[in-house]
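Per-entry structural report
In case you want the letters, here they are:
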Amino acid sequence: MPRGQKSKLRARKKRQQTRSVAQGAKAAHAVGEEEEESPSSSPVREGTPPSSPRSCAAQGGLRGRASSSPEAGSSDASSDVDEGYRAGSSQVSLRDPLNRKASMLVQFIMEKYKKREPIVQADMLKVVKRKYKKHFPEILRRTSERVELIFGLELEEVDPISRSYVLINKLSLSSEDEVSGERVLPKTGLVMTLLAVIFMKGNRATEAEMWEFLNARGIYAGRRHSIFGEPRKLITEDLVQENYLEYRQVRFRSPPVYEFVWGPRAHAETTKMKVLEVLAKINDTVPRCYPDLYEEALRDEQERAELQAVARASTVARSRVGSRAKSRRSSHT
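Residues numbered from 1 in each chain as written. Predicted model: local features only at pLDDT ≥ 70, side-chain atom pairs only at ≥ 80, totals over all residues. Heavy atoms only, no water.

**Concerning the overall build of the chain**
Helix and strand counts for the chain stand at 11 helices and 8 strands. Taken across its 333 residues, the chain has 38% of its residues classed as buried. Counting only contacts in the chain whose residues sit at least 6 apart along the sequence, the fraction spanning at least 24 positions is 61%. Summed over its atoms, the accessible surface of the chain is roughly 19,900 Å², and 52% of this surface lies on carbon and sulfur atoms. (Helix = DSSP H or I, 4+ residues; strand = E, 2+ residues; numbered from the N terminus. Buried < 20%, exposed > 50% of the residue type's maximum accessible area, 1.4 Å probe, protein only. Contact = heavy atoms within 4.5 Å. Areas by Shrake-Rupley, 256 points an atom, 1.4 Å probe, with all protein chains shown as cover.)

Here it is in structure tokens:
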């Protein structure tokens, strides 16, 4: 083939490739716009199961995102709930309409909880709006997950006919009393997460490690949080006084270094396995994805079972001794 014709063919092919690339980019842009406008990039149908946990390879610890600087002004309750959840799961996208609706539903449910008012599906659907009614099961799933991770409350249906729900506190804190007839928003989710940090750090976490974790979640010493109050007072005084945490100086360290460990009440009211489940849920995975922590949690479960068995045997033995003594006294009389 003459050289001139070859040059023309190459030029024609190059123009075709350029047009193909341009068309592909235009199509991709159109798809992106369509996904952004739709309620969800992959519409959720009634009964669709929640997404499965991601592979263990992606997990490394408690994930978080850098948030605003400590000098920024204190956020309101709404942004604190969003921030608290984004701290717990990097999967949240604020551009996803279903996530925005879930955030609104969290606010609605927690207001009902504080005022001790019934939580019914009909009212929740009004918050979600008719446009998103078909996506309600997925929105409710995301809402339940956020409420559990942030507040340690489980949303449970109590009446399938009226579709009414209640919030169950998994780990009651003595500080969570009523104020002016309203409940105080529980701090259980934060407590369980702090216990997870300690567990992950070898059952002791330095003060620097704890604040590094909290700062990554927008919680700073000296900056009041609308849910948790003043964080330093909460974790170094309140939770210590309630025996959920121990705050102590590390021996033989200069300058002085302080650390946190589980308090006696934490050991009594929860287990390493439960805390590991919280850690896994935060990272969208399963406890077995942390083999060392999982093995330690299993040993802890076994030790607890053995101690309970010994305690039961001791109780039975004392009961038998008491019965024999009572029988002897009866025979003498």
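That was the structure; now back to the text.
**What to know about the nonpolar core**
Within the largest apolar cluster, 62 residues are counted, with the highest numbers of intra-cluster contacts made by Leu105, Met110 and Ile235. In terms of residue count, helix α6 (residues 188-200) provides more of this core than any other element does, 9 residues in total. Residues lining this core come from more than one domain, with at least three contributed by each of domain 1 (97-169) and domain 2 (187-289). For leucine 105, the contacting residues outside a window of four places in its chain are Met124, Val127, Val128, Phe136, Ile139, Leu140 and Thr143. (Core = buried A, V, L, I, M, F, W, Y, C linked by side-chain atoms within 4.5 Å. Domains from an automatic or database assignment.)

**A few points about the sheet that holds strand β3 (residues 164-169)**
Backbone-to-backbone hydrogen bonds join strands into a sheet, with any given pair of strands oriented parallel or antiparallel. Taken in spatial order, the 3 strands of this open sheet run β1-β3-β2, and their pairing is antiparallel. Bordering the open sheet on either side are β1 (119-120) and β2 (153-159), each of which pairs with just one other strand. In this structure, β1 lies alongside β3, joined through 2 bridges in antiparallel fashion. Considered in β3, the bridge of isoleucine 119 is made with tyrosine 165. Together, β2 and β3 form the strand contacts of helix α5 (residues 136-151), whose direction differs from that of β2 by roughly 130 degrees. (Pairing = 2+ DSSP bridges. Axes fitted to C-alpha atoms, helices over the stretch in contact; angles between N-to-C directions.)

**A look at a positive patch on the surface**
Together, Arg320, Arg324, Lys326, Arg328 and Arg329 make up a region of like positive charge exposed at the surface. With respect to the helices and strands, the residue lysine 326 is situated in helix α11 (residues 291-332). (Patch = residues over 30% accessible without salt bridge, like charges linked within 9 Å, V, L, I, M, F, W, Y side chains within 5 Å. Salt bridge = Lys/Arg side-chain N within 4 Å of Asp/Glu carboxyl O. Lys, Arg positive; Asp, Glu negative; His and termini not counted. Charge placed at Lys NZ, Arg CZ, Asp CG, Glu CD.)

**A look at α5**
Here α5 is 16 residues long and its end C-alpha atoms lie 21 Å apart, about the 22 Å a rise of 1.5 Å per residue gives. With respect to burial, α5 is a largely interior element, 12 of its 16 residues being buried. Regarding α5, the residues found buried are Phe136, Glu138, Ile139, Leu140, Arg142, Thr143, Arg146, Val147, Glu148, Leu149, Ile150 and Phe151. Once α5 ends, the next one or two residues include glycine 152, with phi positive near 70 degrees. (Expected span 1.5 Å × (residues − 1).)

**With respect to the sheet that holds strand β6 (residues 205-206)**
What the 3 strands build is an open sheet, ordered β6-β8-β7; its pairing is antiparallel. Bordering the open sheet on either side are β6 and β7 (245-249), each of which pairs with just one other strand. Of the strand pairs in this sheet, β6 and strand β8 (residues 258-262) are connected by 2 bridges, and their pairing is antiparallel. The partner of alanine 205 across the bridge, within β8, is phenylalanine 260. Its contacts with the sheet put α6 on β6, β7 and β8, and the angle it makes with β8 is roughly 105 degrees.

**Digging into the packing of aromatic side chains**
Overall, the coordinates contain 2 aromatic pairs when judged by the stated rule. Pairwise contacts between aromatic rings join Tyr247, Tyr258 and Phe260 into one cluster. (Phe/Tyr/Trp six-rings, centres within 6.5 Å; stacked < 30°, edge-to-face > 60°.)

**Topic: the pattern of salt bridges**
Scanning the entire structure with this criterion turns up 16 salt bridges. As a salt-bridge pair, glutamate 138 and arginine 142 come within 2.7 Å of each other at their nearest N and O atoms. In this pair, glutamate 138 and arginine 142 are both assigned in helix α5, 4 residues apart and thus about one turn of the helix distant. The class for glutamate 138 is buried, based on a relative accessible area of 6%. Salt bridges sharing common partners tie together Asp96, Glu138, Arg141 and Arg142.

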